[in-house]
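Results of the structural survey
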Amino acid sequence: MTKQEFLQRLEQLLADLPYEERDSAMTYYREYLEEAGPENEQAVLADLGSPEQLAAQIHATAGAPMGRRTWSPPPRPGSHRVERILVVVLIALVAAPLLLGILGGVFGFAVAGVVMALVGLVCTVLSLFQIAAAGMDALLLAGISLAVLGLGIVWSGGVWVLLRAAFGWLRRGFAKMERWINE
Amino acid sequence: MAFNTGAALLDALVLSVASNEDTYGYKITQDVRHVMAVSESTLYPVLRRLQKDGCLETYDQAYAGRNRRYYHITEQGRGQLARYRQEWLEYEKKVHTVLFNEVES
């Protein structure tokens, strides 16, 4: 009997065991025979006995006498895809109004920052042109306008930083979701 | 070894080997074989039982393009090993007194 034939037969005989027990035993003996190497293969197989004998010992270890049906199917990756996609769609539908609201708010914030900066810039320029005519008053207005310009820049910058962070967070979230769907 | 190796003694030997360094099925079998004749399948039940009892935990690590499942002794396992060692010392002493006729009768 070759190593492959032995392992295949052994796996068949362990089919009635819970997945964990079967996987534990198969991994152990598969790796064991790999480590032994082709030169020791026949000696090890001879010492292990027949697949039936080894399977009986593995059943005893698992506390499950041979032939008793305690079968649980191994979780195959991707076997829950459809249900999980449905869950994601449902959550998206429910969360949509809230998300749209948040999006609107973020948009408003962004616009506010840009408008502030623009207004500040325009007023600064205009008031500087009025210095000849209005003197100190124009200077005061210029100063205030500059402050508004500065605030607008910082505000917009802050929104920009937050948006980039949110994007990165969203991208990671999507990747995790994809992995979960295909688990 | 001429004496029968009970299950508890095998548990103790496996835990002791694992306490030195993380090991895998084939290697620990060869290590134990230096001391006593065990078959290629003797240690799987021992390792599996110790794992289920929480004395060992496993992790997989790639080696030369294939996978190796390593066994690592837990804190609980170390405690159990200490108890086994203590019991062995007492047992050894008692056997010695009888075997070498040192009993006061």
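Preceding block: the structure.
Not measured: the values here are computed from a predicted model.

What follows deals with the overall build of chain A. Assigned secondary structure in chain A consists of seven helices and zero strands. Secondary structure elements in chain A, listed N-terminal to C-terminal, are α-α-α-α-α-α-α. Counting only residues that meet the buried cut, chain A has 27% of its 183 residues in that class. Within chain A, contacts between residues at least 6 apart in sequence are counted, and of these 73% link residues at least 24 apart. Accessible area for chain A stands at about 12200 Å²; split by element, carbon and sulfur atoms hold 72% of it.

Residue and element names in this part refer to chain A. Among the surface-exposed residues, Arg 171, Arg 172, Lys 176 and Arg 179 lie close enough to one another that they form a single positively charged patch. If you trace the backbone, Arg 179 turns up in helix H7 (residues 136–181). With a relative accessible area of 54%, Arg 179 lands in the exposed category.

Here the focus is the interface of chain B and chain A. Note: interface size is frequently given as the accessible area lost on complex formation between the parts. Listed as interface residues are 20 residues of chain B and, on the opposing side, 22 residues of chain A. Both faces considered, chain B and chain A share a buried interface measuring about 1900 Å² in area, 46% of it formed by carbon and sulfur atoms. If you sort the residues of chain B by the area they bury against chain A, B:Tyr26, B:Glu40 and B:Tyr44 come out on top, with a joint share of 40%. Linking chain B to chain A there are seven salt bridges. Across the pair B:Arg48 and A:Glu20 runs a salt bridge whose closest N-O atoms are separated by 3.8 Å. Only helix H2 (25–33), helix H3 (43–52) and strand S3 (66–73) of chain B provide two or more residues apiece to the side of chain B that touches chain A.

What follows is about the packing of aromatic side chains. One pass over the structure, following the stated rule, counts nine aromatic pairs over all chains. Here A:Tyr28 and A:Tyr29 contribute two aromatic rings whose centre-to-centre distance is 5.0 Å and whose plane-to-plane angle is 80°, an arrangement assigned as edge-to-face. One exposure class covers both A:Tyr28 and A:Tyr29, and it is buried. Consider the rings of B:Tyr24 and B:Tyr70, whose centres lie 5.5 Å apart with planes at 75°: the pair is edge-to-face.

A separate point is the packing of helix H4 (residues 51–62) of chain A against H3(B). The packing of two helices is summarised by the inter-axis angle and the distance between the axes. Contact geometry of H4(A) with H3(B) gives a least axis separation of 10 Å together with a crossing angle of 20°. With respect to each other, H4(A) and H3(B) are oriented roughly parallel. In terms of crossing hand, the pair formed by H4(A) and H3(B) is right-handed. The segment H4(A) lies against H3(B), with A:Gln57, A:Ile58, A:Thr61 and A:Ala62 engaging B:Tyr44, B:Pro45, B:Arg48 and B:Lys52. When the residues that make up the contact of H4(A) with H3(B) are grouped by side-chain class, the tally is four nonpolar, two polar and two charged.

We now examine the pairing of S3(B). Residues and elements named next belong to chain B. Two strands pair when backbone bridges link them, and strand S1 (residues 23–24) and S3 are joined in this way by two bridges, in the antiparallel orientation. The partner of Thr 23 across the bridge, within S3, is Tyr 71. Here strand S2 (residues 56–63) pairs with S3 via eight bridges, running antiparallel. Each bridged residue has a counterpart across the sheet, and for Thr 58 the counterpart in S3 is Tyr 71. The turn linking S2 back onto S3 is made up of two residues, and Ala 64 within it adopts a positive phi angle of 50°.

Residue and element names in this part refer to chain A. Following the criterion strictly, the structure yields 15 salt bridges over all chains and no others. Of the charged contacts in the structure, one is a salt bridge between Lys 3 and Glu 34, with a shortest N-O distance of 3.8 Å. In this pair, Lys 3 sits in helix H1 (residues 3–13) while Glu 34 sits in helix H2 (residues 19–36), placing the two residues 31 residues apart along the sequence. On the accessibility criterion, Glu 34 (37% relative accessible area) is partly exposed.

Turning our attention to H3(B). In terms of residue burial, H3(B) counts as a mostly covered element, since seven of its ten residues are buried. All buried positions along H3(B) are accounted for by B:Leu43, B:Tyr44, B:Pro45, B:Val46, B:Leu47, B:Arg48 and B:Leu50. Looking at the packing, one finds that the buried side of H3(B) touches H2 and H4 of chain A together with helix H1 (7–20), H2, S2 and S3 of chain B. Phi for B:Gly54, located one or two positions after H3(B), is positive at around 90°.

Okay, the environment of B:Val14 next. Residue and element names in this part refer to chain B. Structurally, Val 14 can be placed in helix H1. It is 7.5 Å that separates the C-alpha atoms of Val 14 and Ile 28, two residues lying 14 residues apart in sequence. Setting aside chain neighbours within four positions, we find Val 14 in contact with Ile 28, Leu 43, Val 46, Leu 47, Leu 50 and Leu 56.

Basis of the calculations
- Residues numbered from 1 in each chain as written.
- Chains lettered and ligands numbered in written order.
- Predicted model: local features only at pLDDT ≥ 70, side-chain atom pairs only at ≥ 80, totals over all residues.
- Heavy atoms only, no water.
- Helix = DSSP H or I, 4+ residues; strand = E, 2+ residues; numbered from the N terminus.
- Buried < 20%, exposed > 50% of the residue type's maximum accessible area, 1.4 Å probe, protein only.
- Contact = heavy atoms within 4.5 Å.
- Areas by Shrake-Rupley, 256 points an atom, 1.4 Å probe, with all protein chains shown as cover.
- Patch = residues over 30% accessible without salt bridge, like charges linked within 9 Å, V, L, I, M, F, W, Y side chains within 5 Å.
- Salt bridge = Lys/Arg side-chain N within 4 Å of Asp/Glu carboxyl O.
- Lys, Arg positive; Asp, Glu negative; His and termini not counted.
- Charge placed at Lys NZ, Arg CZ, Asp CG, Glu CD.
- Buried area = accessible area lost by both parts, 1.4 Å probe.
- Phe/Tyr/Trp six-rings, centres within 6.5 Å; stacked < 30°, edge-to-face > 60°.
- Axes fitted to C-alpha atoms, helices over the stretch in contact; angles between N-to-C directions.
- Parallel < 35°, antiparallel > 145°, perpendicular 65-115°, else oblique.
- Left-handed = near helix turned anticlockwise from the far one by under 90°.
- Nonpolar A, V, L, I, M, F, W, Y, C, P; charged D, E, K, R; others polar.
- Pairing = 2+ DSSP bridges.

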